[in-house]
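Remarks on the overall topology
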Amino acid sequence: QQFSGWTPDGRALGDISNALGLTTKIWPYASPCSFYAAAGGSPQGAGPAAANFLSEHGFSCKEFVNGAGEAQMHVAALDFTALMLRGKIPGQNLRLVDEIVQLPYLEYLKAEGHPLQQSTVPTWLGNLTHLRFLKLYGAALSGPIPDISNLTSLWEIDLTGNALNGSLPATLPPQLRSLQLGNNKLTGTLPVYSGANALQRLDVSFNMLSGQLQAEWA
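Values in this document were obtained by computation on a predicted structure and should not be read as measured data. (Residues numbered from 1 in each chain as written. Predicted model: local features only at pLDDT ≥ 70, side-chain atom pairs only at ≥ 80, totals over all residues. Heavy atoms only, no water.)

The four strands lie next to each other as β5-β7-β9-β11, forming an open sheet whose pairing is parallel. Looking at the sheet topology across the chains shown, the edges are occupied by β5 (142–143) and β11 (208–210). Pairing of strand β9 (residues 185–189) with β11, which is carried by three bridges, proceeds in the parallel orientation. Pairing of T187 across the sheet is with M208, part of β11. (Pairing = 2+ DSSP bridges. Helix = DSSP H or I, 4+ residues; strand = E, 2+ residues; numbered from the N terminus.)

Applying the stated criterion across every chain yields a total of three salt bridges. We note a salt bridge from K62 to E107, for which the minimum N-O separation is 3.1 Å. A residue pair is termed long-range when its members are at least 10 positions apart, and K62 in strand β1 (residues 59–65) and E107 in the loop between α4 (80–85) and β3 (108–110) qualify at 45 residues. For the residue pair K62 and E107, the accessibility class agrees, reading buried in each case. (Salt bridge = Lys/Arg side-chain N within 4 Å of Asp/Glu carboxyl O. Buried < 20%, exposed > 50% of the residue type's maximum accessible area, 1.4 Å probe, protein only.)

Positive phi is not limited to glycine here, since A140 has a value of about 60°. For A140, the position within the fold is in the loop between β4 (133–135) and β5. Its relative accessible area of 46% is what places A140 among the partly exposed residues. Of note in the backbone geometry, F206 takes a positive phi value of approximately 55° without being a glycine.

Glancing now at helix α3 (residues 48–57). Within the span of α3, buried status applies to A50, F53, L54 and H57. Relative to the axis of α3, the buried residues are bounded by an arc of 100° and lie together on one face. Away from its buried face, by an angle of more than 90 degrees, α3 presents the exposed residues P48 and N52. (Arc of directions from axis to C-beta.)

Attention shifts here to the nonpolar core. Of all hydrophobic cores here, the largest spans 58 residues; its most connected members are I16, W27, F59, L78, F80 and I100. Elements with a contribution of two residues or more to this core: α1 (8–19), α2 (32–38), α3, β1, β2 (71–79) and α4. No other element matches α1, which puts four residues into this core. Ignoring any residue separated from it by four or fewer positions in sequence, one finds F80 in contact with I16, L20, W27, I89, L94, L96, I100, L109, K110 and A111. (Core = buried A, V, L, I, M, F, W, Y, C linked by side-chain atoms within 4.5 Å. Contact = heavy atoms within 4.5 Å.)

All chains considered together, the criterion is met by one disulfide. One disulfide in the model links C33 with C61; its S-S distance is 2.2 Å. Between C33 and C61 the disulfide shows an S-S torsion of about -90°. By sign, it is left-handed. Of this pair, C33 sits in helix α2 while C61 sits in strand β1, and the two are 28 residues apart along the sequence. Since its relative accessible area comes to 7%, C33 is described here as buried. Taking relative accessible area as the criterion, C61 reaches 0% and is therefore assigned buried. (Disulfide = S-S within 2.5 Å.)

Let's shift gears to α1. Compared with an ideal rise of 1.5 Å per residue, which puts 12 residues at 16 Å, α1 spans 16 Å between its outermost C-alpha atoms and is within 8% of the ideal. Among all positions of α1, only D9, G10, A12, L13, G14, I16, S17 and A19 are buried. Note on α1: the residue one or two positions beyond its end, G21, has a positive phi of about 75°. (Expected span 1.5 Å × (residues − 1).)

With that out of the way, let us pick up the sheet that holds β3. Reading across from one edge, β1-β2-β3-β4-β6-β8-β10 is the order of the seven strands in this open sheet, with mixed pairing throughout. Edge positions in the open sheet fall to β1 and β10 (201–203), since each of these has one partner strand only. With strand direction ignored, the average angle separating the axes of adjacent strands in the sheet is 15°. Here three bridges tie β4 to strand β6 (residues 156–158), and the two strands are oriented parallel to one another. (Axes fitted to C-alpha atoms, helices over the stretch in contact; angles between N-to-C directions.)

The residue D158 is located in strand β6 in this model. Buried charge without a salt bridge: D158, with K135 as the nearest opposite-charge side chain at an N-O distance of 5.7 Å. When residues no more than four places from it in sequence are discounted, the contact partners of D158 are L134, K135, L136, Y137 and Q180. (Lys, Arg positive; Asp, Glu negative; His and termini not counted.)

See the structure below:
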């Protein structure tokens with residue numbers, strides 16, 4: 001078997017690499033989080049070492065505590081933009097493949113500033129319940145914004161500069177701090193977001209929306 005003896009995260013990264021149609025594996029690691037730790041990556045998935053590792057390798061890890069109280073490292077961040085800039089993913093292969101859902105602890109997903117080879121925002125993003133940061137700025141995406149209400153951990157979503165149409169999300173995740181949807185083709189009336197107490201930044205400029213912005217964000 002191709003990934004026999006690999007950790008679930010190692011198999012997931014291998015499947016993502018294969019789904020992207022790459023001839024050279026960008027993550028040839030049976031245990032990617034062991035490789036991350038050996039390189040000096042922080043168990044908290046933060047700090048300069050983790051940021052540098054993410055920039056170079058396109059992924060980083062973080063320690064999570066499971067239901068039994070055991071601490072385990074899992075892939076928590078993917079940066080496709082960094083991989084493309086380093087020439088590891090050709091632009092014509094850049095897309096968000098379904099296999100990303102095999103990383104259930106993913107908190108950070110970035111693929112911005114270059115057209116993705118797909119037309120819409122994938123609906124399976126709603127299954128990434130640990131996701132905190134979704135950065136798809138300027139990715140040439142169209143179609144509606146999928147339901148994000150299930151992403152209860154989400155802090156920031158940036159879909160600026162695409163060609164998204166349809167209406168704004170009817171409800172927002174309770175912890176959402178930043179919603180950036182400017183420069184799209186969104187239509188309809190601005191909804192009233194009751195209970196969005198964490199929201200600090202809302203950008204829906206340069207769309208085709210009507211109505212008034214809530215006083216706290218005007």
